[in-house]
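Observations on chain architecture
These are the residues of each chain, in order.
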Amino acid sequence: MPVQHFITVAETPVDTLMRIFDVAYELRAEREAGKRNAPMLAGKTLAMIFEKPSLRTNVSFQQAMIELGGHSIVMVSEQVGLGKRESPADVAQVLSGMVHGIMARVFEHQKLVDLAAVSTIPVINALSDFSHPCQALADAMAMMDEFGRDLKGRTLAYVGDGNNVAHSLAVMCGRLGMNFILASPPGYEITQEVTDTIMSYCPDLNMQVMSDPMDAVRYADAIYADTWVSMGQETEAAIRKAAFESFQINDKLVAAAPKHCIVLHCLPAYRNIEITDSVIDGPRSRVFPQAHNRLHAQKGLLAVLMGGA
Ligand code: CP
């Protein structure tokens, strides 16, 4: 059987996605009951490569490995030199004979594709310029926590940049039968090429692109925010902040949404830039439970990919 990677939501079979959620919820229920999870990753090691900073992804993967009885090795980009000191293919071949899984956070998505092409152990995308599928798992769980496991017909309004997080969320919405609305300033929408790719994987996805955030949230069950300036875009910060000024998630925008609508943010948040303190700390916010779900989602993912769950 070919090794199962987790590079994008789109390339992950639906039954694998559903299994990840099932296992994540089982493991979370055990943890919340004060029980230890079975050591299903005992004797297994995850190599973690970071080309960019991380809090949630780093800690959640390490903690997930600990709670499932395994180990992790964390390496920053200078140590590995992925694509500089050594090709991704060579790195994958070396690690395939030493550890049991590779998790990588990279600038260029292609590096993940190159790792996965030759790796005989699972490769996990911990964020690339194209997608952030691990984040989308936790985001889906945050919505399931609120609305139940069946999210069919629910609407996610993503207000902000049509970036890697938006790509993964759009496909996740398609996989879960949700509607996906993107509200972005002109020029910052998901590109036509990526939209075509998303629709090729999710032909039934109801995806709408709007330029007015108020219109976008009117029927939303969840509003989603992300930074306007992602890692690597720092030189564009002033231009981006000006372009996104009217896309802030604030009390006025949240008041335009239905009363049951929740607010999500993948974090880190630039408070009072893309989201106000009053919203992120307010009653509609599920931002911190969403972040905590990174741990549970990672456990489900690792258990399925590396533990045979
Ligand atoms: N949301 C997210 O991926 O957080 P980190 O960058 O801290 O891992």
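See the structure above.
Described in the following lines is the structure provided in the data block. As the structure is a computational prediction, the values presented were derived from the model and not from experiment.

Here's the deal with the site of the ligand
- Ser-54, Leu-55, Arg-56, Thr-57, Arg-105, His-132, Gln-135, Cys-266, Leu-267 and Arg-294 make up every residue found near the ligand.
- Take Arg-294: an N or O atom from its side chain is 3.2 Å from an oxygen atom of the ligand.
- Considering the ligand on its own, with 260 Å² of exposed area, one finds that the protein chains cover 96% of that surface.
- For the ligand, the cavity whose grid points lie within 2 Å of the majority of its atoms is the largest pocket.

Some points on the pairing of strand 1 (residues 45-50)
- Within strand 1, six of the six residues are buried, which leaves it mostly tucked inside the rest of the structure.
- Across the two faces of strand 1 the burial is the same, with Thr-45, Ala-47 and Ile-49 and Leu-46, Met-48 and Phe-50 all buried.
- Relative to strand 2 (residues 71-76), strand 1 is paired through six bridges, and the arrangement is parallel. The residue bridging Thr-45 from the neighbouring strand is His-71, located in strand 2.
- Handedness of the β-α-β unit built from strand 1, helix 2 (residues 56-67) and strand 2 comes out right-handed.

What about the packing of helix 6 (residues 133-147) against helix 7 (residues 164-176)?
- Contact pair helix 6 / helix 7: the axes reach a minimum separation of 9 Å and the direction vectors enclose 50°. Between helix 6 and helix 7, the angle falls in the class oblique. Of the two possible hands of crossing, helix 6 and helix 7 adopt the one that is right-handed. Between helix 6 and helix 7, the residues in contact are Pro-133, Ala-136, Leu-137, Asp-139, Ala-140 and Met-144 and Ser-168, Leu-169, Met-172 and Leu-176, respectively.

A closer look at the layout of surface pockets
- Here the largest pocket is characterised by a volume of approximately 500 Å³.
- Lining the largest pocket are 29 residues, and of these Thr-227, Ser-230, Met-231, Pro-268 and Tyr-270 sit closest to its centre.
- At the level of elements, helix 2, helix 7 and helix 10 (237-243) are the ones that each hand at least two residues to the lining of the largest pocket.
- For the lining of the largest pocket, a count of residues per class yields 13 nonpolar, eight polar and eight charged.
- Space inside the second largest pocket adds up to approximately 200 Å³.
- In this structure, the second largest pocket is lined by Arg-31, Leu-55, Arg-56, Val-59, Ser-60, Ala-291, His-292, Arg-294, Leu-295 and His-296.
- Broken down by secondary-structure element, the contributors of at least two residues to the lining of the second largest pocket are helix 2 and helix 13 (287-306).
- No other element matches the five residues that helix 13 contributes to the lining of the second largest pocket.
- Partitioned by chemical class, the residues of the lining of the second largest pocket number four nonpolar, three polar and three charged.

Focus on unusual backbone geometry
- Cis peptide bonds are those with omega within 30 degrees of zero, and the linkage from Leu-267 to Pro-268 qualifies with 5°.
- Tracing the backbone shows Pro-268 in the loop between strand 9 (262-265) and helix 12 (277-280).
- Not every positive phi belongs to a glycine, and Leu-267 is a case in point at roughly 65°.
- Here Leu-267 shows up in the loop between strand 9 and helix 12.

Each value, and the rule that gives it
- Residues numbered from 1 in each chain as written.
- Predicted model: local features only at pLDDT ≥ 70, side-chain atom pairs only at ≥ 80, totals over all residues.
- Heavy atoms only, no water.
- Near = heavy atom within 4 Å.
- Polar contact = N/O pair within 3.5 Å; in protein donor to acceptor, adjacent residues only side chain to side chain.
- Areas by Shrake-Rupley, 256 points an atom, 1.4 Å probe, with all protein chains shown as cover.
- 1 Å grid on protein atoms, 1.4 Å probe; cavity = no way out; pocket = protein on both sides within 12 Å on 5 of 7 lines; lining within 4 Å.
- Sits in = over half its atoms within 2 Å of the grid points.
- Buried < 20%, exposed > 50% of the residue type's maximum accessible area, 1.4 Å probe, protein only.
- Helix = DSSP H or I, 4+ residues; strand = E, 2+ residues; numbered from the N terminus.
- Pairing = 2+ DSSP bridges.
- Right-handed = clockwise from strand over helix to strand, strands pointing away.
- Axes fitted to C-alpha atoms, helices over the stretch in contact; angles between N-to-C directions.
- Parallel < 35°, antiparallel > 145°, perpendicular 65-115°, else oblique.
- Left-handed = near helix turned anticlockwise from the far one by under 90°.
- Contact = heavy atoms within 4.5 Å.
- Points joined across faces, edges and corners; volume = space filled by probe spheres on them.
- Nonpolar A, V, L, I, M, F, W, Y, C, P; charged D, E, K, R; others polar.

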